[in-house]
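Read off the chains here:
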Amino acid sequence: MNSLIIVESPTKVKTIRKYLGPEYDVRASVGHVKDLPKNKLGIDPEKGFEPTYLVMDSKKKVIAELKKAASKVEQILLAPDPDREGEAIAWHIAEEIGKKKIVRRVLFNDLTRETILDAIAHPQDLDFNRYEAQQTRRILDRLVGYQISPVLWDKVKRGLSAGRVQSVAVRIICDREAEIRAFIPEEYWNLTALLEGSNPPPFEAKLIKIDGKKAKVGNAERSAEVIASLKGAPFVVSTVEKKEIKRQPPAPFTTSKLQQEASRWLHFSAKKTMSTAQRLYEGIELGAEGPVGLITYMRTDSVRIAAEALGEAREYIQRNYDPAFLPPKARVFKVAGAAQDAHEAIRPSSMAHPPQAIKPFLSPDQFRLYQLIWNRFLACQMNPAVLDQTTVDIAAANCLFRVQGSVMKFPGFTILYTEGKEDNGDENGFGKLLPEVRQGEALKLLELKPEQKFTQPPPRFSEASLIRELEEKGIGRPSTYATIMTTIQEREYVLLEKGKFIPTDLGILVTDLLVKNFPRILDVAFTAEMETELDRIEEGKTKRLDILNNFYLPFQEELRKAKANMTNIKREETPTDLVCEKCGKSMIIKWGKNGRFLACTNYPACKNTKNFRQDEKGEILPEEKTTDIPCPLCGKPMLARQGRFGKFLGCSGYPECKHTINLAPDGTPVAAPAEGTAPEAVCEKCGKPMVLKRGRYGAFLGCSGYPECKNIVKTSPSGSPVGQAAPQEISDVLCDKCGKPTAVKTGRFGKFLGCTGYPECRNIMKYKK
């Protein structure tokens, strides 16, 4: 063999091997091979922020195998993904196995035969500037995360984390929540006239102006005044405007647009979108054709399309669609100024694999995402949609009413693709058919319909709208959006409920502390500027050390002040107007390891505590809600409560009655048999009956021989054993070691006899029918 090709993924290995001869040995690193140590900072600010990278324990065997393979070849071709992370992997592999070898870099924008062969025929040097940009990001993230997080552990609770980008994303969500809570709805009224002309059908027109100014009807009284002023007034068509509107196709997918559209159309999370796209890029087995990379590289902020791909798309449209859908020349989209343009837009790697033709080889998720990418790419090279729009203004007294209707004249690209939207609002009356009316025509008023409305607060962010917000503000890069979405949820700083992000109390608290003590780190503009600086490093326009020095000196000062001045939440007590129902003293809000709770000020004499919740105005409400479910033991109503392991029902008669009922994930009660009534179960250690009991973690089976036998078995909510073997089939053969009966058991090699005295006696014997 002459060359060793190293890629990231084992899936890529199969795809690439089929295009190459035996002179190439293709192997995978399976991701990163080196990282900063987990138990210390791993960066020395005194020595130019020198990072200490160690071979990961899980990759020592991989490195050993790659070294052995490298010793047999003349050159090493490093082919991890064509982005910053891929460049870092390439450099780390080269450091470990590339000594005394020719080491070159190859970049695969897609995994087609032509791209692979061309890249191998034209290898490049490793890109030091791109590696430096990745290192700078990694060092910045480590400095922020490893030095701010311990401050939060000390002031709030252990296990919390801060991140250079994730914390800013949480701040954006918290700021939106603050806007929502501060929002005061304002009343307004819509006035709609149902009108009929000389031609059917009747149609509705909305009031838009009064006395030539925008109509503002703020209450029912004003609405009644306007209606009274229109009584008996003639409704006359003042203008009829007809025009042709062209709707241009959207550009092909960038990473952020793919994540947004997959969220809206397919309800995919950003993480699911990227993992599915990764599989499509790396290669799917297409029967006799073998593994085929179906899309181009999926981490990109460019809308550029290769000339060859444009030609293929136009040929496909020409063969499969009416000539009216193909524009005279290929459509070229302008790349945004901030885009890196290192890669093409996300598109099918070849037009030889239409979605329906390869559907049998794809999982449902892979098919849906591939079809989305395919349709968007083809649509971007089609003619625009053409609509006929009609706008009719109707005058009545001092008021002006308007109705709009638009009808599709030529569908153009919309036969394949339309962009998803966050809401389902009316879009300029699209699809609304209007009767033929003429200027000066008198219309008959059938009805005036007033409708009370209230202004709405800004909406909470969905994954799609948050990614769009991050992209517009310059926070993060295409490769980081999915990780940000996942991390902020895993840290329990936000919840995703009904597709919308809601900050938790913990998220709001930590964000407030960080904004007060690290205003620069949490500043959206500063974070965006850091992303720009990383881009400048990759472009060779600035140096890593300059960026890190400019960042770290003021950061050290912020860190010193935060350690001394940050509010210690563990000791903070917030007074409330609530009174303890047990002793009559006032209640205060405290912070514990499981979040905020209400506690009596008479502690330790009174140890009353309770969970609580707050409405959108910040009013404290009891967490416990009375249900219509009676306690099966005492008959008192059950209360909906929140514990450290989730929601459950607890008896309102507590502490006299301590009965609880578990809740299923959908919130429905799960019936559990009363304590003491166990299903037929025998203790596997002593042979005595098992008894159903309830503990702090739910129901379990305990041996009736307690305390001599302390055997317990987990149960399902219904009381049946979980993880316990099926009822034993006792044989008539006695154990030849201890004399106890044996039971028929099944193992990996079939049935056998095992002693019922297990685990004291572990004897097994052959099973004979």
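Our subject in this report is the structure included herewith.

Parameters at a glance
Residues numbered from 1 in each chain as written. Predicted model: local features only at pLDDT ≥ 70, side-chain atom pairs only at ≥ 80, totals over all residues. Heavy atoms only, no water. Core = buried A, V, L, I, M, F, W, Y, C linked by side-chain atoms within 4.5 Å. Buried < 20%, exposed > 50% of the residue type's maximum accessible area, 1.4 Å probe, protein only. Contact = heavy atoms within 4.5 Å. 1 Å grid on protein atoms, 1.4 Å probe; cavity = no way out; pocket = protein on both sides within 12 Å on 5 of 7 lines; lining within 4 Å. Points joined across faces, edges and corners; volume = space filled by probe spheres on them. Helix = DSSP H or I, 4+ residues; strand = E, 2+ residues; numbered from the N terminus. Nonpolar A, V, L, I, M, F, W, Y, C, P; charged D, E, K, R; others polar. Pairing = 2+ DSSP bridges. Right-handed = clockwise from strand over helix to strand, strands pointing away. Phe/Tyr/Trp six-rings, centres within 6.5 Å; stacked < 30°, edge-to-face > 60°. Lys NZ or Arg CZ within 6 Å of the ring centre and 35° of its normal. Salt bridge = Lys/Arg side-chain N within 4 Å of Asp/Glu carboxyl O. Axes fitted to C-alpha atoms, helices over the stretch in contact; angles between N-to-C directions.

### Details of the nonpolar core
Step number 1: Phe108, Leu294, Ile295 and Leu369 are the most contacted members of the largest nonpolar core, which has 143 residues in total.
Step number 2: Among all residues touching Leu294, those that are not within four sequence positions of it are Leu280, Ile284, Leu286, Arg347, Pro348, Ser349, His353, Ile358, Leu362 and Tyr370.
Step number 3: Membership of the second largest hydrophobic core comes to 23 residues, among which are Leu195, Ile210, Val403 and Leu448.

### Section: empty space enclosed by the protein
Step number 1: Under the definition given, this model contains 1 cavity of 30 Å³ or more.
Step number 2: Estimates place the volume of the largest cavity at around 40 Å³.
Step number 3: Every residue along the wall of the largest cavity is listed here: Ser167, Val170, Tyr493, Gly507, Val510, Thr511 and Leu514.
Step number 4: Only helix 6 (166-182) and helix 15 (505-517) provide two or more residues apiece to the lining of the largest cavity.
Step number 5: At 4 residues, helix 15 tops the list of elements feeding residues into the lining of the largest cavity.
Step number 6: In terms of residue class, the lining of the largest cavity is made up of 4 nonpolar, 3 polar and no charged.

### Quick notes on the pairing of strand 7 (residues 75-78)
Step number 1: As defined by bridge partners, strand 1 (residues 3-7) adjoins strand 7 across 4 bridges and the pair is classed as parallel. Pairing of Ile5 across the sheet is with Leu77, part of strand 7.
Step number 2: One ladder, built from 4 bridges, connects strand 7 with strand 8 (residues 102-105); its direction is parallel. The residue bridging Leu78 from the neighbouring strand is Arg105, located in strand 8.
Step number 3: Taken together, strand 7, helix 3 (residues 84-97) and strand 8 form a β-α-β motif whose crossover is right-handed.

### Some points on the environment of Ile148
Step number 1: Mapped onto the elements, Ile148 comes out in helix 5 (residues 128-155).
Step number 2: As for Ile148 and Glu46, which are separated by 102 residues in sequence, their C-alpha atoms are 19 Å apart.
Step number 3: Not counting chain neighbours up to four residues away, the residues in contact with Ile148 comprise Leu143, Ala162, Leu514, Phe518, Phe555 and Leu559.

### Quick word on helix 14 (residues 481-490)
Step number 1: With 7 of its 10 residues buried, helix 14 lies for the most part within the structure.
Step number 2: All buried positions along helix 14 are accounted for by Tyr481, Ala482, Ile484, Met485, Thr486, Thr487 and Ile488.
Step number 3: As for helix 14, its buried residues are in contact with helix 6, helix 8 (255-266), helix 9 (270-282), helix 13 (463-473), strand 18 (494-497) and strand 19 (500-503).
Step number 4: Following helix 14 by one or two positions, Glu492 has its phi on the positive side, about 65 degrees.

### Here we look at the sheet that holds strand 22 (residues 595-600)
Step number 1: Pairing is antiparallel across the open sheet formed by 4 strands, whose spatial order is 20-21-22-23. Two strands bound the open sheet, and with one partner strand each, they are strand 20 (574-579) and strand 23 (609-610).
Step number 2: Here 6 bridges tie strand 21 (residues 586-592) to strand 22, and the two strands are oriented antiparallel to one another. Bridge pairing links Lys590 to Phe597 in strand 22.

### What about the packing of aromatic side chains?
Step number 1: Tallied over the full model, the rule gives 14 aromatic pairs.
Step number 2: The interplanar angle of 85 degrees and the centroid separation of 5.3 Å between the aromatic rings of Tyr316 and Trp374 together place this pair among those described as edge-to-face. With Tyr316 in helix 10 (residues 307-320) and Trp374 in helix 12 (residues 364-379), this pair connects stretches of sequence that are 58 residues apart. Taken as a pair, Tyr316 and Trp374 share a single burial class, namely buried.
Step number 3: Aromatic side chains Phe518 and Phe555 sit 6.2 Å apart centroid to centroid with 40 degrees between the ring planes, which places their arrangement in the tilted category. Highlighted residues: Phe518 in the loop between helix 15 and helix 16 (524-538) and Phe555 in helix 17 (residues 544-565), separated in sequence by 37 residues. The residues Phe518 and Phe555 share a single accessibility class, namely buried.
Step number 4: The structure contains a cluster of three or more aromatic residues connected by ring pairs, namely Phe49, Phe518, Phe526, Phe551, Tyr552 and Phe555.
Step number 5: Positioned above the aromatic ring of Phe461, the side-chain terminus of Arg176 is 4.2 Å from the ring centre.
Step number 6: Across from the ring centre of Phe367, 4.7 Å away, lies the NZ or CZ of Lys359, which sits over that ring.

### Topic: the pattern of salt bridges
Step number 1: Summed over the entire model, instances satisfying the criterion amount to 42 salt bridges.
Step number 2: For the salt bridge of Lys34 with Glu95, the shortest nitrogen-to-oxygen distance reads 2.9 Å. Placement of Lys34 in strand 3 (residues 34-35) and of Glu95 in helix 3 is noted, with a sequence separation of 61 residues between them.
Step number 3: Relative accessible area serves as the criterion here: at 8%, Lys34 is assigned to the buried category.
Step number 4: The partner of Glu469 in a salt bridge is Lys473, with the nearest N and O atoms 3.6 Å apart. With Glu469 and Lys473 both in helix 13 and 4 residues apart, this pair spans about one turn of that helix.
Step number 5: Given a relative accessible area of 18%, Glu469 falls into the buried group.
Step number 6: A single salt-bridge network, built from bridges that share partners, covers Arg84, Arg130, Arg477, Asp535 and Glu538.

### Focus: the sheet that holds strand 8
Step number 1: Spatially, 4 strands are ordered 2-1-7-8 in an open sheet, and the strand pairing comes out parallel. Every interior strand has two partners, whereas the edge strands, strand 2 (24-28) and strand 8, have only one. Neighbour-to-neighbour, the strand axes of this sheet turn through a mean angle of 20 degrees, independent of strand direction.
Step number 2: Here strand 1 pairs with strand 2 via 5 bridges, running parallel. Bridging across to strand 2, Val7 finds its partner in Ala28.
Step number 3: Contacts from helix 1 (residues 10-17) reach strand 1 and strand 2, with the element oriented near 160 degrees to strand 2.

### Regarding the side chain of Ser167
Step number 1: Counting through the fold element by element, Ser167 comes out in helix 6.
Step number 2: Setting aside anything within four residues of it in sequence, one finds Ser167 in contact with Ala162, Leu514 and Leu522.

### Considerations on the pairing of strand 21
Step number 1: Within strand 21, 5 of the 7 residues are buried, which leaves it mostly tucked inside the rest of the structure.
Step number 2: As paired strands, strand 20 and strand 21 are joined by 3 bridges and run antiparallel to one another. Its bridge partner lying in strand 21, Thr574 is registered against Ile589.
Step number 3: Connecting strand 20 to the next strand, strand 21, in antiparallel fashion are 6 residues, including Gly584 with a positive phi near 90 degrees.

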